[in-house]
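For reference, the chains in residue letters:
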Amino acid sequence: MHREVARAFKEYYQTLDVGELDVKGLQEREIALIPLGHETMIRHIAFPDTVALKEYLMENVPAHLYYSSAYYREPQAPDMNKKGWKGADLIFDVDADHIPTLCKVDHDTWTCLDCAAKGAGFPPESCPKCGMKRIETTTWVCDKCLEVAKEEVFKLIDEYLIPDFGVSLKEVEVCFSGHRGYHLHVQTEDVKTLTTDGRREIADYVRGVGLDPKHQGFRVMKDGSIIGPDLRDGGWRGRFAKSVYTYLSRCTLEDLKAVVGSDEVANTIMRNRERLLRGIMANPPSWMGLRGVELGRTIRIAKAAIRDLLCNIDERVTIDIKRLIRYPNTLHGKSGLKAAKVSYSDLESFDPLKDAVVFKSGSIKVYVKEAPRVRIGDYEVGPMRDVQLEVPEGLGIYLLCKGAAELRE
Amino acid sequence: MLTIDDLAKYPFLRRASSFVESYGLTFQDLASEEYSYVVQRAVERVRCGIEGRWAELNVVDPETEILAYPLALAFVYGLKSAWVVRRFANSEQKRCFELLKNEEKEKIAEVGKDGFDWDLEGTELTVSGVMFDFSLPVEKYLEVAPSFHSPDWKLVNRHVTGGRVYLKQVEVARLLSEALKLKILKKAEEEDIKKFQMPEKLLLKLEGLEKLIKETKIYDEDAMVEVVEEAKPPCIVALLKDLAAGKSLSHMARFTVTTFLINTGESVEDVLKHFSNVADFDEGKARYQVEHIAGLIGSKTKYMPPKCDVLRSFGLCVGGDAYCKKVRHPLQYYKMRAREIKRKKGWEKGA
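Residues numbered from 1 in each chain as written. Chains lettered and ligands numbered in written order. Predicted model: local features only at pLDDT ≥ 70, side-chain atom pairs only at ≥ 80, totals over all residues.

What about the overall build of chain B?
- A count of helical and extended segments in chain B gives 16 helices and six strands.
- The 351 residues of chain B split such that 37% are buried.
- For chain B, restricting intrachain contacts to residue pairs at least 6 apart in sequence, the fraction spanning at least 24 positions comes to 72%. (Helix = DSSP H or I, 4+ residues; strand = E, 2+ residues; numbered from the N terminus. Buried ≥ 20, exposed ≤ 12 C-beta atoms within 10 Å, placed from the backbone. Contact = placed C-beta atoms within 7 Å.)

What follows is the structure, encoded as structure tokens:
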């Protein structure tokens, strides 16, 4: 551990306002941490209040601090079966790492551990050269990645949690993960006792897994005409109607040809586009009724139309009822950034690479081994390799935590 | 308003339990002549379960019916057989479903509230030409619906808005009756009915039921004795093919294939052979993990393969065949196919 990082982290926890550590039901949660300079996790600890927790953190400065999504009768019990599970928050993890974005070519690389093949961008599932699946990645984030992650958070809240699941804004806590994404914590009594299976259904709902348009208003009448959902409907029905409307009003002929699999049908649709859109908007709606546009093709259009509305979340986090997740408002050891709680109203303007930076005093001299272009706060630098730089403290700590730089005299 | 006739129809309701409690009966009391009808009715109810019939729908004497239910449960739990609990729960589920689906809306809502704390709201909402009768909070729907296999029960294929799932009456009847079944199954894990607590007369009834079980129970475990290669489901076949080709698999994939093989009767040695082609194969480490999964070391828990839903979420489901549609667990697929294949072979031999 670099001494500058150790100093900065220690200072952070010493000067931290105790109120920042406020979480719901602290005494019922398991706390876990990886201390600075260590690799193994210390688990199964519990604290009666935030004051006790802060005292502990000043003595045992963590590189990473976690709390359990679960509430236990005995959170400190070392045996999971003896903890006495009482319930758990419902968590959504949005991670830019899991979302293929174009900018990944600029800042991410992967290496096959078997044949040493290398590449840039989103890592392949298996090595294109040898077919093995042991792939090591070096990933960075940029504004574009973080913006995409933020869009996912908005989508999740605005499209699903509020209208479909009836969750109110004050019941959702949004936290920057401290590195590459966001965590959403839903902490209502209603969701607390959901089982893993129940949570999987919710994850599948927002990811559109198993979604069948035929169950959401698309069907054929006896006379062969097609019935579809109404823009005014709630849930997936309304979402389908709205997204098909938007899709048809924006798509190109080429898009449509690929989706319906027939040039002729795509041409018919494009020629009648205005009439179709009016039909979908009508009350009650009237769908298609064009030659060659049968249910199968309508459904293909519907599926293409909703693609951008599906949430990119890590479902493993959502279905886990005993997850350890980063403690809000603490530091991420791989970035030095704060896993800051962000209110919904501030989310739009929240700039993680600026607003989650806590180290702002002076500058540090670091030796950068290799890094792409990086911005922290208003300071931007790189791409760079083998250079000695004097940079603002926040950026220096970031590069040291990422393992891309070291201290050299 | 729930009447005494309703309590007889739905004796699992809280109100029915209070009714029973007000009698303050012990096992000794029930063994007396005065309650012989109750005992008889309880035995009949368990018998229906064992034989796979539904308990009679017509309620002759509501009082007997209500008092007999907890005794029937005591018999079921006292028999200490998971098979009986399952059969009984199934027959009670079917009975409850038949009764509920023709019930009045208000009554259904009351059963939901008193039996399961479900806040069922009557509605006449029509959405895209579909009329719904009820709405139910999402979290209550999810207590039960994940135990159904069919895709139309998936939340994503439901009308969900404002935190509520919209349902037709027959669907609510299905959900409530399934909730009853799950409740009976769950209680079996908690209840500890000891036979010696029962008086002679009730013990005799219990023994009679035990005899009936022996006559009725068809052992289906025998399908598992030898490994039937052709009975493996497509997901496992695909993983085994990857292993044979030397591909290294994800943690979840390795866990799935190992638990599957162990649970279909392969030995640790046999399982390890499947992994030996993989480039990063480390026998010591692999053996430790396989033995752990087999429950030979460590926590001594024998792990089961994940069910189809989980495999689907992890991208390990390869699409499936006609048999997959009937099952929701890879082992269930295997059992079904193995039994069928064996039956066929036996038949061929016989012919």
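Let us keep going from here.
A few points about the interface of chain B and chain A
- Counting residues at the interface gives 28 residues for chain B and 36 residues for chain A.
- Of all the secondary structure elements, the ones that give two or more residues to the side of chain B that touches chain A are helix 8 (138–144), strand 5 (159–161) and helix 15 (308–313) of chain B.
- Considering every element that reaches the side of chain B that touches chain A, the biggest residue donor is helix 8 of chain B, with four residues.
- Grouping the constituent residues of the side of chain B that touches chain A by class yields 10 nonpolar, 10 polar and eight charged. (Nonpolar A, V, L, I, M, F, W, Y, C, P; charged D, E, K, R; others polar.)

Here we look at the domain arrangement of chain B
- Each domain of chain B was delimited in the assignment, giving domain 1 (4–216) and domain 2 (229–350).
- Measuring from the centre of the C-alpha atoms in domain 1 of chain B to the corresponding centre in domain 2 of chain B gives 36 Å. (Domains from an automatic or database assignment.)

What about the sheet that holds strand 20 (residues 405–406) of chain A?
Residue and element names in this part refer to chain A.
- Read from one edge to the other, the open sheet built from three strands follows the order 19-16-20, with strand pairing classed as antiparallel. Of all the strands in the sheet, just strand 19 (384–392) and strand 20 have a single pairing partner and so form its edges.
- Relative to strand 19, strand 16 (residues 363–371) runs antiparallel, the two sharing eight bridges. Looking across to strand 19, one finds that glutamate 370 is bridged to arginine 385.
- Relative to the sheet, helix 15 (residues 393–402) contacts strand 16, strand 19 and strand 20, its axis offset from that of strand 16 by approximately 40°. (Pairing = 2+ DSSP bridges. Axes fitted to C-alpha atoms, helices over the stretch in contact; angles between N-to-C directions.)

Here's the deal with the packing of helix 2 (residues 14–21) of chain B against helix 5 (residues 62–78) of chain B
All names here are of chain B.
- One can describe the packing of helix 2 onto helix 5 by two numbers: an axis separation of 10 Å at closest approach and a directional angle of 95°. As summarised for this structure, helix 2 and helix 5 are arranged roughly perpendicular, according to the angle between their axes. In this structure, helix 2 contributes Ala16, Phe19 and Val20 to the contact, and helix 5 contributes Ile66, Leu67 and Pro70.
- Along the lines of polarity and charge, the residues of the contact of helix 2 with helix 5 split into six nonpolar, no polar and no charged. (Parallel < 35°, antiparallel > 145°, perpendicular 65-115°, else oblique.)

Observations concerning the nonpolar core
- Formed by 160 residues in total, the largest nonpolar core has its most connected members in Leu71, Val76 and Leu176 of chain B.
- For valine 76 of chain B, the residues in contact, after removing those within four places along its chain, are Val46, Val84, Val85 and Phe88 of chain B. (Core = buried A, V, L, I, M, F, W, Y, C linked by C-beta atoms within 7 Å.)

Details of the sheet that holds strand 8 (residues 118–120) of chain A
Residues and elements named next belong to chain A.
- The antiparallel open sheet is built from three strands, whose spatial order is 8-7-9. Pairing within the sheet leaves two strands with one partner each, and these edge strands are strand 8 and strand 9 (135–138). Strand-to-strand twist in this sheet, taken as the mean axis angle between neighbours without regard to direction, amounts to 20°.
- Across three bridges, strand 7 (residues 109–112) lies against strand 8 in antiparallel orientation. Residue threonine 111 lies in a different strand from strand 8, and its bridge partner there is lysine 118.

Re the confidence of the model for chain B
Residue and element names in this part refer to chain B.
- Confidence in the prediction of chain B, expressed as mean pLDDT, is 87, and 93% of residues score 70 or more.
- Note that residues 219–224 has pLDDT below 50 and, in this model, six contacts with residues that lie over four places away or in other chains.
- Interface confidence for the predicted complex, expressed as ipTM, amounts to 0.92; the pTM equals 0.83. (pLDDT = per-residue confidence, 0-100.)

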